[in-house]
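Secondary and tertiary structure notes
Each chain, letter by letter, is given below.
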Amino acid sequence: MSNNADIWWRSAVIYQVYPRSFKDTDGDGIGDLPGIIQKLDYIASLGIDILWINPVYLSPDRDNGYDISDFKNIQPQMGTMEDMETLIKKVHEKGMKIIMDMVINHTSDEHAWFKQARMSRDNPYYSFYHWWPEEKGQPPYRCGFFDPEGQGWHYNEPTRSWYLHYFSHHQPDLNWENPEVREALFDMLRFWLDKGIDGFRLDAITFISKDVSFPPVTRAFLDEKFKGDWGHYYADGPRLHEYLREMHEKVLRHYNIVTIAEAPGVRADQAVDFVDPARKELDMICHFEGIMVGYLPGEFKKMAPGGFDLKELKAVYTRWDEACEEKGWATMYLGNHDQPRMISHWGNDSDTFRDLSAKMLFTFLLTMRATPFIYNGDEIGMVNIRFEKIEDYKDIETRHVYQQLKDKGGDVQAFLQDQQLAARDNSRTPFQWDSGAGAGFTTGQPWISINNNYIEVNAAGQERPASSLLNFVRSLIRLRKNNPVLIDGRYSLLLPDHPAIYAYKRQTGNDCYLIALNFTSEAVVCPYDLSKGKIVVNNYEDTFERGQLLPYQALVIQTIP
Ligand code: TEU
C-alpha cells in the first residue's frame with residue numbers, strides 16, 4: 001500500500017493539450033485558448049482530472065512558446081488574459097483542474113530583462129543571466145541543445161562577453177544564484193497561482209543550478225561521470241535542491257497544488273530527492289529514462305536498428321516503480337510534444353495494427369502504478385507525419401541540428417530518415433477533429449501541415465462506435481478510477497526476460513489484476529497461465545486463445561493473487 005494514497009493528484013489522469021495545434025477558433029491557423037474552452041466537454045468526456053497546457057505566454061515563438069518574453073501576459077495569437085481566466089473558471093466548473101507549463105530555466109532573448117542585460121555590464125539586469133567575460137579568453141565548452149553549432153555560449157558585442165544558453169541562443173539561461181532573480185520568478189509564480197491555477201509543469205527545472213566557476217568539462221569526464229550525456233551533467237548543479245526547497249517554502253506550500261518537474265538527466269535512484277514529501281520540494285517528476293529506450297547513445301535521436309528492446313523497457317519502468325515504492329510517486333507517459341507519436345514509436349502505425357497497438361499501449365499506460373499522462377491526439381490514434389524535406393519542419397531543434405550536420409558535411413539524408421521516426425514535429429501536427437476541410441482544426445491555413453490520414457483518423461468518427469480507440473480509452477480510464485488497486489496496488493513484474501510480452505500484476509490484499517501485453521506484430525505463446533480469472537479488458541473484443549497472445553493483444557484479467 002502506498003503512503004498518502006489520499007493525495008488528489010495521485011489518482012489523477014492528466015491530459016496534455018498542445019494549444020498551438022489543438023483547436024483554432026479565429027482562422028489564423030494557430031490553436032487558441034477559446035479553442036480549448038470549446039473542447040472542454042470532449043476532454044471531460046474522457047474522464048480527465050487535470051489538464052496540462054503547454055506555454056501560452058507572450059513569446060517570439062522561436063521554440064513554440066518555450067522562449068517567454070513576458071511571463072505575465074498571454075500570446076495574442078492564443079487569446080487574451082480574459083480567455084485564460086475563463087478557461088480556468090470553466091475547467092473548474094467541469095470538475096477538472098488545470099496546470100500551466102512554466103519555463104524558468106531560461107527566458108527569451110526578447111524578454112525585457114535580457115534586453116537590458118545585454119546592453120552593458122553595468123546594467124542591473126546583467127547579473128540576471130550567466131556571462132563569460134572576454135578577458136578570460138574563450139569560454140569552456142558547453143553544449144547548446146538547439147544551437148546550429150552545438151555551442152552553449154553566445155557572444156554579445158556590447159558587453160564583450162558570452163552568455164550561457166543550454167537550448168538555443170534565443171533562450172538565455174537565468175542566473176538563479178542571484179536572489180533577485182529567484183524573487184522575481186517566485187513573484188510571477190504567485191501571480192498565476194493567485195489566478196486559481198492548480199499547479200505547474202516545470203520545464204527543464206533540473207537545469208536551474210549551474211557550477212558558476214564553469215570548470216572545463218572534458219569528453220572523458222562527461223563519459224565517465226555522466227554517460228556522455230550533457231543533460232545528466234546539467235541536472236547535477238550544486239544548488240538545485242536548495243533552490244527547489246526555497247521555491248517550496250516561499251511559494252508552493254501556500255497553495256493546494258500539484259508540481260511536476262520535467263526532469264531530463266535524472267536517474268531512478270535520484271527520484272526521491274525530488275518527490276519525497278518530507279523533503280518539501282516537488283510532487284512528481286517526468287523522467288526521460290523510459291522515453292529514451294531504443295535511441296542510440298551519443299547520437300541525436302537515432303533509433304537503434306531493429307527498434308527498442310522490450311526487456312530494457314520493462315527494466316526501466318520496474319526500476320522507477322521501485323524507486324517510488326516507499327516515498328514519492330511516479331508518472332508515466334509514452335509521448336508528448338517533444339517526442340514522436342506514441343503509436344509510431346512504441347506500437348505499429350500500419351493500417352492493420354494502428355488501432356490494436358494503440359489499445360495495447362493505452363492498456364499499459366493506464367494500468368501502471370504511476371500518474372498517467374495522455375498526450376492529445378493519441379486517444380484517437382494520431383501517428384507520425386513523416387516529413388520528407390527539411391523545409392516541412394518548423395521545429396528549431398530539427399532545423400538547427402540539420403544545419404549543424406550539413407555544415408560538417410554529414411549525411412543529411414540519413415538524418416531526415418531518422419527524423420521521420422523521431423522528430424518532435426511528428427506530434428505537433430493539428431488535432432484531427434473530423435474529416436472536413438482543415439480536419440476541423442482550422443478554417444485557415446494551419447501553421448504546420450495536417451496529417452493526410454485525418455479522413456479516416458479523427459475524433460468525430462470514433463465518438464459512437466463502441467469498439468473505437470477513443471471509447472476504449474474512456475472505458476480504461478473508468479476501470480482505473482473504479483478500481484483503486486490499479487492506482488496504488490503493488491506492481492510486480494512477471495516474465496522479465498521475455499522479449500515480446502510485458503506482463504505484471506497489480507495487487508492490494510485479495511484484489512488482483514494480471515496485465516498481459518504483446519508488444520509485437522506476431523502471435524506469441526504466453527508461458528504464464530492466463531486462464532484463471534475474468535477478462536475485463538481485451539483489445540480483440542471476444543477473441544482469446546488459451547496459452548497465447550495475438551499480435552499486440554492486451555488483456556487485463558481480474559484474478560486471484
Ligand atoms: O524540454 C527540455 C529537454 O530537456 C529535452 O526535451 C531536451 O531537448 C533534451 O533532453 C535534449 O537532449 C523542454 C520542453 O519540453 C521543450 O519543448 C523545450 O524546447 C525545451 O524544454 C526548452 O525550453
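Report follows, based on the coordinates. On a predicted model such as this, the values are computed, not experimentally measured, just so you know.

1. Some words on the overall build of the protein chain
- Scanning the protein chain for helices and strands turns up 17 helices and 20 strands.
- In terms of C-alpha radius of gyration, the protein chain reaches 23 Å, essentially the compact-globule figure of 24 Å for 561 residues.
- Along the longest, intermediate and shortest principal axes, the C-alpha atoms of the protein chain span 75 × 55 × 50 Å.
- For the protein chain, long-range pairs separated by at least 24 residues make up 69% of all intrachain contacts whose partners lie at least 6 apart in sequence.

2. Some details on the pattern of salt bridges
- Tallied over the full model, the rule gives 38 salt bridges.
- The salt bridge involving Asp41 is made with Lys94; its shortest N-O contact spans 2.9 Å. One end of the pair, Asp41, is in helix H2 (residues 40-46); the other, Lys94, is in the loop between helix H3 (81-93) and strand S5 (97-103), and 53 residues separate them in sequence.
- Arg219 is paired through a salt bridge with Asp223; the nearest N and O atoms lie 3.5 Å apart.

3. Overview of the sheet that holds strand S7 (residues 153-156)
- In spatial order, the strands read S6-S8-S7; together these 3 strands make up an open sheet with antiparallel pairing. Every interior strand has two partners, whereas the edge strands, strand S6 (131-133) and S7, have only one. Within this sheet the neighbouring strands show an average axis-to-axis angle of 30 degrees, counted without direction.
- Inspection of the sheet shows S6 paired to strand S8 (residues 161-164) by 3 bridges, in the antiparallel sense. Note that in S8 the partner of Pro133 across the bridge is Ser161.

4. Observations concerning the nonpolar core
- Core analysis: the biggest nonpolar cluster contains 140 residues, and Leu51, Met84, Trp192, Met247 and Phe364 have the highest contact counts within it.
- Those residues in contact with Phe364 that sit more than four places away from it in its chain are Leu313, Tyr317, Met332, Leu334, Tyr502, Tyr504, Leu517 and Phe519.
- Among the nonpolar cores identified, the runner-up in size contains 19 residues, and Trp132, Trp153, Leu164 and Ala204 belong to it.

5. A look at the pairing of S8
- A two-sided burial pattern is seen for S8, the buried positions comprising Ser161 and Tyr163 on one face and Trp162 and Leu164 on the other.
- Relative to S8, S7 is paired through 4 bridges, and the arrangement is antiparallel. Following the sheet pairing, Tyr155 is matched in S8 by Trp162.
- Between S7 and S8, which pair antiparallel one after the other, the connecting turn spans 4 residues, and Arg160 there sits at a positive phi close to 45 degrees.

Parameters and conventions
- Residues numbered from 1 in each chain as written.
- Predicted model: local features only at pLDDT ≥ 70, side-chain atom pairs only at ≥ 80, totals over all residues.
- Heavy atoms only, no water.
- Helix = DSSP H or I, 4+ residues; strand = E, 2+ residues; numbered from the N terminus.
- Rg over C-alpha atoms; globule rule 2.2 N^0.38 Å.
- Contact = heavy atoms within 4.5 Å.
- Salt bridge = Lys/Arg side-chain N within 4 Å of Asp/Glu carboxyl O.
- Pairing = 2+ DSSP bridges.
- Axes fitted to C-alpha atoms, helices over the stretch in contact; angles between N-to-C directions.
- Core = buried A, V, L, I, M, F, W, Y, C linked by side-chain atoms within 4.5 Å.
- Buried < 20%, exposed > 50% of the residue type's maximum accessible area, 1.4 Å probe, protein only.

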